[in-house]
Amino acid sequence: MSTLSPRPAPAAPRALPAPTGGGLPGAVRAEWTKLRSLRSPYICLSAGALLTVVFTFYYGSIARINDHPVQPLGNAAVASVVLVQFAVVVLAMVAVTSEYTTGSVRSSLLWVPVRRHVLLAKSLVAGVVGFGAGLLYAVLGMAVAWPSFDGHATFDAAEATAQALAVAAVLALTAVLSVGVSFALRNAAGALSALFGLLSALPALCVGLGGTFLLTVDSYLPQTAGGHFMLGDGAPYPRWAGLLIVAAWAAVAQLAGRALLVRRDA
């Protein structure tokens, strides 16, 4: 009679490798990959560089032709932000609204189910790109403006560095503000209209109509507050307060975008 050999004990299941990535860091990497794989950011950044070159050369030339008082070289780069900021605005806006247009935002929210992480990831990526673009535009603008000033500008390395970093900080916060507004409105036309109104039309209206009240309102709008911070003119509040005002506008936009992103369906 044959003897049955005992069955071998089943092997213990192998432990699966711990998942990597995910969470906010994974969302940031995904947003960075999406942004650099599109053509629109490169078009926006190139347009911003072109606007910087044209505007700063014009600014220096006008200062020379009209014999304006000698001023810091960085003022040309600061003045160009009035136009150049919209290159960063459109870049940050398209990163959000294009997903709502194509419906791919549903996939983004499935891959990153914690919705606030999607908002934070896009804001971080847009802010970093905005900071880098601002630094590049400031340096480029100073380089172009220097010969066109032809003696009507002064160059101090510390002052120029401070103004370049200030331009970069303001454009980074402008990008973060744009992401928040875009999540709140979802539509490219609506977001761009709101951002243009806040950053350009409303300041122009307040200054154009004049009066104590409207000029006071203008001084607390993001473009004007950012201008005071970049110029460091100390009026009507300390330089650091200008940056805080811009940051406050960005924070309000982020809170609005987050509230509507969490409550509404994609």
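Residues numbered from 1 in each chain as written. Predicted model: local features only at pLDDT ≥ 70, side-chain atom pairs only at ≥ 80, totals over all residues. Heavy atoms only, no water.

Caption draft 1: Structural detail: the overall build of the chain. Looking only at helices and strands, the chain features ten helices and two strands. Put simply, the chain runs from its N terminus to its C terminus through helices and strands in the order α-α-β-α-α-α-β-α-α-α-α-α. Taking 2.2 N^0.38 as the reference for a compact globule, 266 residues should give roughly 18 Å; the C-alpha atoms of the chain span a radius of gyration of 25 Å, well beyond that estimate. The C-alpha extent of the chain, read off along each of the three principal axes, is 115 × 40 × 35 Å. Classification of the 266 residues of the chain by burial places 45% in the buried group. Residue pairs in contact within the chain that sit at least 24 positions apart in sequence constitute 76% of those at least 6 positions apart. Carbon and sulfur atoms provide 70% of the accessible area of the chain, an area that totals close to 14200 Å². (Helix = DSSP H or I, 4+ residues; strand = E, 2+ residues; numbered from the N terminus. Rg over C-alpha atoms; globule rule 2.2 N^0.38 Å. Buried < 20%, exposed > 50% of the residue type's maximum accessible area, 1.4 Å probe, protein only. Contact = heavy atoms within 4.5 Å. Areas by Shrake-Rupley, 256 points an atom, 1.4 Å probe, with all protein chains shown as cover.)

Caption draft 2: Spatial organisation of the nonpolar core. Ranked by size, the top nonpolar core spans 40 residues in total, and within it Phe149, Val167, Val179, Phe183 and Met230 carry the most contacts. Secondary-structure elements contributing two or more residues to this core are α2 (40-65), α3 (74-102), α4 (105-111), α5 (115-149), α6 (157-185) and α9 (222-231). Those residues within four positions of Val167 in sequence are excluded, and the remaining contacts are Val78, Val81, Gly134, Ala138 and Met230. Grouped together as the second largest cluster of nonpolar side chains are 20 residues, Val89, Cys206, Tyr237 and Ala253 included. (Core = buried A, V, L, I, M, F, W, Y, C linked by side-chain atoms within 4.5 Å.)

Caption draft 3: Layout of the packing of aromatic side chains. Under the counting rule described, the total for this entry stands at four aromatic pairs. Judged by centre distance (5.7 Å) and plane angle (40 degrees), the rings of Phe86 and Phe196 are tilted. Placement of the pair is Phe86 in helix α3 and Phe196 in helix α7 (residues 188-209), with a sequence separation of 110 residues. Residue Phe86 is classed as buried on the basis of its relative accessible area of 16%. With a centroid separation of 6.3 Å and an interplanar angle of 80 degrees, the aromatic rings of Tyr100 and Phe183 are classed as edge-to-face. (Phe/Tyr/Trp six-rings, centres within 6.5 Å; stacked < 30°, edge-to-face > 60°.)

Caption draft 4: Expanded view of the packing of α2 against α5. At a minimum axis separation of 8 Å, α2 and α5 run at an interaxial angle of 30 degrees. The angle between α2 and α5 places the two elements in the roughly parallel class. In the packing of α2 onto α5, the handedness of the crossing is right-handed. The residue inventory of the contact of α2 with α5, partitioned by class, reads 14 nonpolar, seven polar and one charged. (Axes fitted to C-alpha atoms, helices over the stretch in contact; angles between N-to-C directions. Parallel < 35°, antiparallel > 145°, perpendicular 65-115°, else oblique. Left-handed = near helix turned anticlockwise from the far one by under 90°. Nonpolar A, V, L, I, M, F, W, Y, C, P; charged D, E, K, R; others polar.)

Caption draft 5: Representation of the packing of α7 against α9. Between α7 and α9, the shortest axis-to-axis distance is 8 Å and the interhelical angle comes to 90 degrees. Here α7 lies roughly perpendicular to α9, going by the angle between them. Seen from α7, the contacting residues are Leu198, Leu199, Ser200 and Pro203; seen from α9, they are Pro222, Gln223 and Thr224. Its residues placed into classes, the contact of α7 with α9 shows four nonpolar, three polar and no charged.

Caption draft 6: Summary view of a nonpolar patch on the surface. A contiguous nonpolar patch, built from Leu50, Val53 and Val54 and spanning about 260 Å² of accessible area, is present on the exposed surface. By the secondary structure assignment, Val54 is in helix α2. The exposed category is assigned to Val54, whose relative accessible area is 52%. (Patch = residues over 30% accessible without salt bridge, like charges linked within 9 Å, V, L, I, M, F, W, Y side chains within 5 Å. Salt bridge = Lys/Arg side-chain N within 4 Å of Asp/Glu carboxyl O.)

Caption draft 7: Just the pattern of salt bridges, in detail. Following the criterion strictly, the structure yields four salt bridges and no others. For Glu99, the salt bridge is made with Lys122, and the minimal N-O distance between the two is 3.0 Å. Of this pair, Glu99 sits in helix α3 while Lys122 is found in helix α5, placing the two residues 23 residues apart along the sequence. For Glu99, a relative accessible area of 7% corresponds to the buried category. Taking the relative accessible area as the measure of exposure, Lys122 reaches 5% and is therefore buried. Through salt bridges with shared partners, a single ionic network connects Glu31, Lys34, Glu99 and Lys122.

Caption draft 8: Expanded view of the environment of Trp111. Within the element layout of this structure, Trp111 appears in helix α4. For Trp111, a relative accessible area of 67% corresponds to the exposed category. Measuring from C-alpha to C-alpha, the distance between Trp111 and Ala30 comes to 9.7 Å, with 81 residues separating the pair along the chain.

Caption draft 9: Representation of unusual backbone geometry within the structure. Even without a glycine there, the phi angle at Asp67 is positive, about 55 degrees. By secondary structure assignment, the location of Asp67 is in the loop between α2 and β1 (71-72). Look at Arg186: it is not a glycine, yet its phi comes out positive at around 70 degrees.

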